[in-house]
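# Chain and residue survey
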Amino acid sequence: MKTKIFTLLAGSLFAFSGIAQQEVPCGTDKALENLHNQFPQMKAEYESRQLLQNSKVTSISENGVAKKATNYVIPVVFHIMHEYGSENVADSEIYSLMAEMNEDYSASNSGLSSIIPMFDTLVADMEVEFRLAALDPFGNCTNGIEHIYSHETNNGETVSKINQWDRSHYMNVWVAKTPSTGGTVQGTLLGYATFPAGTDGSGFWTDGIMLRATTTVNTETLTHEAGHYLGLAHPFQGVAEGGIGDPGDCGDDGVLDTPPTEGQFGCNLSLPTCDTALAQLPFSNAQNWMDYANCAAMFTKGQKSVTDNTLIGISGQRNILWLDTTLIETGVLNLTMPQTALTVPLCEPIADFHSADQTVCVGSTVSFQDASWNAVIDDHMWSFEDGTPATSTSANPSVTFASGGWKQVSLTVSNAAGSDTKDVKYIFVSQDYPNNYGPTYFDMESTTSNGNGTDFFVVQNPEDNHGEFNIVNNYGFDGSKAFKLNTFKDVSQADNFTSDWFYNRRLGGSVDNLITPSMDLRNTTAITVSFKYAYATNATVSADITEGLRVFTTRNCGETWTPKVISVDGVSAGTTVTGDEIVTAGYASNSDFAPTTNSMWKEGSFTYVPNAQDRLTRIKFEFTASDLASNLYIDNIYVAGILGVVDAELINLQLTVFPNPTSGEAISVSYNAQDEPTEFILRDTQGKIIVQQVITATNTTVSQKLDNTQNLPSALYFLEVRTGDHSTTKKVVVL
């Protein structure tokens, strides 16, 4: 048997070699059932076409059908949905997977040598060859594999099939981190597929295969799923969920040379058929690719008749897939096989990159990873705003940034066919000083006030989609300003099956973040953080309220985050505020919800224990949507506590700053110098350094004016005082 890249099961779930529990239901049946529950009109369409297709299977078995004189060639496209994790499967693995599947369909795989005598004369060359597309639906060069950054990789449902290519010209295969039928399965779902009859009419957008992204798994793979795509059922078709392997159950796929069976997960080659009248084939065909046994290696001649019938029939437009005109339009007519990175047509690359961290401190090292696709890359050219290095030709460079703020990152990738560039404001770098000092508050009323203004917040919308946090007027607590996560989108006029039509069906799992300005909390004790939030849901029962709000803190500029246990109106809600706890204003009525009274708000809070590392502390509010999510509002973030200098070294300074307020006089300091020099850094509320001065005197009393501090513009300033490893900050007001 082979080691294959993906485990999957077409309408089914495989549970081989310890990959999942054995008692696993069929994923296709579950996916189809859930789809029909969501879209009832598709059920009647499916049933009528399935009856027609089943009637043709019988006639084929008896009389045969006309077929193409040479192999059927089917263009294929892979849509790899990912969030830059291991689910972003490498192209090399897809090439290997395709080569192995073609061996299986041409009866040239090594496992055929183990077929038992009862079935070795029934082995069929299916005369079907799968080729990765060389032209996309717009006529652009492609290697047949696209990589799509999307939270849908975590959903993997039928509605997750984003960016489907014309299903009459391509077999679409999606790869997801977590495939799901939309229902409950008892085990790990590895994939599912659509039968041709289930994709006609209004079901066209469901057409294709969904696989779980995994590596080096010994299982039946895409071969099984493609069988369903071509009209093949399980030999145990009709066995009830959980009944696979139960001698009391008996299923049949309607194919004469695949004996009826209850199915199995092991490899019992002597498992009797459950139809005792079938004397010529007394055993189940455990080695069939469409069973669940872990020793599959063959298709039968009867199954070949079924796929032939599918490919010349109209169901699922499979009769168009292999036409010469289709092969020309998809660029696969005269390709070198098997396909590898060196044999597929050389296309222009598509630039993409990522880094594990997108919020860091000044001076931190950021490792960037090239994630470009569609072609072999010959050259990389990176540029980093205010970065060291400022440019790089490495595929995966490491960079530090010398100043704060959003930083532009650009990557140009090229080969002999052309080049492509991704150029975005990608990473937020925190300055090496706090925006403000605890205790503090954020009431969202000003953009820049005292370092607490909304301009200092960091908004993250990872997918750059419709919903993101923005300041709105009149809808905050007390009718003031607030941050609004605008999840609502008016799609009432959207055409069926367009991206807008799918908007709410694909909303679940999307994540948005709101991050506060940095705070120095080292000298604040007994901290309680509170915030106001308003939220309404489009769910009508509590069980469907699965959207959630989480709150995190960081001491290292967002390189790591710690989840907090939240209390809602004084009652603990755990680390995720969800269900009834997140709802403050009832049902959103699928409208653009906005709070209009204070009764529509709740208060969340948590305690925080600061330490010496709390010099650049930030708070992150993370909202994960469901398909029934609505708008979220955040206001009045208060970091309450007791301000006091607790460091003995700083107490011994007995520091005084005067005059304070000052009306243009120079700022003076008086203190008892300790064993090390003392540094004074005066900043404005934007964090800009106005004065930086070191007084070298030690172990003596010092009273001195700070240089260049007279006649400063009227404003609030922050004076940071450092001696050795100790520091404190004082506010200074210039009138």
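Keep in mind it's a predicted model, so treat the numbers as computed, not measured.

What follows deals with the overall build of the protein. In terms of helices and strands, the protein carries 9 helices and 38 strands. Expressed as a percentage of the 735 residues in the protein, the buried residues total 54%. Working note: accessible area of the protein is about 29,000 Å², and carbon and sulfur atoms make up 49% of it.

In this fold, Glu87 is placed in the loop between β1 (72–82) and α3 (91–105). Although Glu87 is buried, it forms no salt bridge, and the closest oppositely charged side chain is Lys177 at an N-O distance of 4.7 Å. A polar atom in the side chain of Glu87 sits 2.7 Å from the backbone nitrogen of Glu83. Those residues in contact with Glu87 that sit more than four places away from it in its chain are Ile80, Met81, His82, Thr153, Val175, Lys177 and Ala213.

Looking now at the packing of aromatic side chains. Within this structure, the stated rule accounts for 31 aromatic pairs. Summarising the aromatic geometry, the rings of Tyr105 and Phe299 are spaced 4.7 Å apart at their centres and angled 45° between planes, so their arrangement reads as tilted. In this pair, Tyr105 is assigned in helix α3 and Phe299 in the loop between α5 (222–229) and α6 (301–312), connecting sequence segments 194 residues apart. Residues Phe353 and Phe368 carry aromatic rings whose centres are separated by 6.3 Å and whose planes lie at 70° to one another, so their mutual orientation is edge-to-face. Linking Phe353 in strand β7 (residues 353–355) with Phe368 in strand β9 (residues 365–370), this pair joins segments that are 15 residues apart in sequence. Phe368 matches Phe353 in its accessibility class, with the two residues each being buried. Geometry around Phe552 places Lys620 over its ring, the cationic atom sitting 5.0 Å from the centre.

Among the structural elements, Lys301 can be located in helix α6. Classification of Lys301 by relative accessible area gives partly exposed; the value is 46%. Sequence separation between Lys301 and Asp257 is 44 residues, and the spatial gap between their C-alpha atoms is 7.4 Å. The residues touching Lys301, leaving out its near neighbours within four places in the chain, are Thr121, Leu122, Val123, Ala124 and Asp257.

Ranked by size, the top nonpolar core spans 40 residues in total, and within it Phe78, Tyr105, Val128, Phe130 and Met171 carry the most contacts. Where this core is concerned, the elements lending two or more residues are β1, α3, β2 (128–132), β4 (171–176), β6 (209–212), α5 and α6. When residues no more than four places from it in sequence are discounted, the contact partners of Tyr105 are Asp125, Met126, Glu127, Val128, Phe130, Thr223, Ala226, Gly227, Leu230 and Phe299. Listed in part, the 37 residues of the second largest apolar core include Phe469, Met519, Ala629 and Ile634.

In this section: α6. An ideal rise of 1.5 Å per residue puts 16 Å on 12 residues; α6 measures up with 17 Å between its terminal C-alpha atoms. Most of α6 sits inside the fold, with 9 of its 12 residues counted as buried. Every buried residue of α6 is listed here: Gly302, Gln303, Lys304, Val306, Thr307, Asp308, Asn309, Thr310 and Leu311.

Reading the values: the criteria
Residues numbered from 1 in each chain as written. Predicted model: local features only at pLDDT ≥ 70, side-chain atom pairs only at ≥ 80, totals over all residues. Heavy atoms only, no water. Helix = DSSP H or I, 4+ residues; strand = E, 2+ residues; numbered from the N terminus. Buried < 20%, exposed > 50% of the residue type's maximum accessible area, 1.4 Å probe, protein only. Areas by Shrake-Rupley, 256 points an atom, 1.4 Å probe, with all protein chains shown as cover. Lys, Arg positive; Asp, Glu negative; His and termini not counted. Salt bridge = Lys/Arg side-chain N within 4 Å of Asp/Glu carboxyl O. Polar contact = N/O pair within 3.5 Å; in protein donor to acceptor, adjacent residues only side chain to side chain. Contact = heavy atoms within 4.5 Å. Phe/Tyr/Trp six-rings, centres within 6.5 Å; stacked < 30°, edge-to-face > 60°. Lys NZ or Arg CZ within 6 Å of the ring centre and 35° of its normal. Core = buried A, V, L, I, M, F, W, Y, C linked by side-chain atoms within 4.5 Å. Expected span 1.5 Å × (residues − 1).

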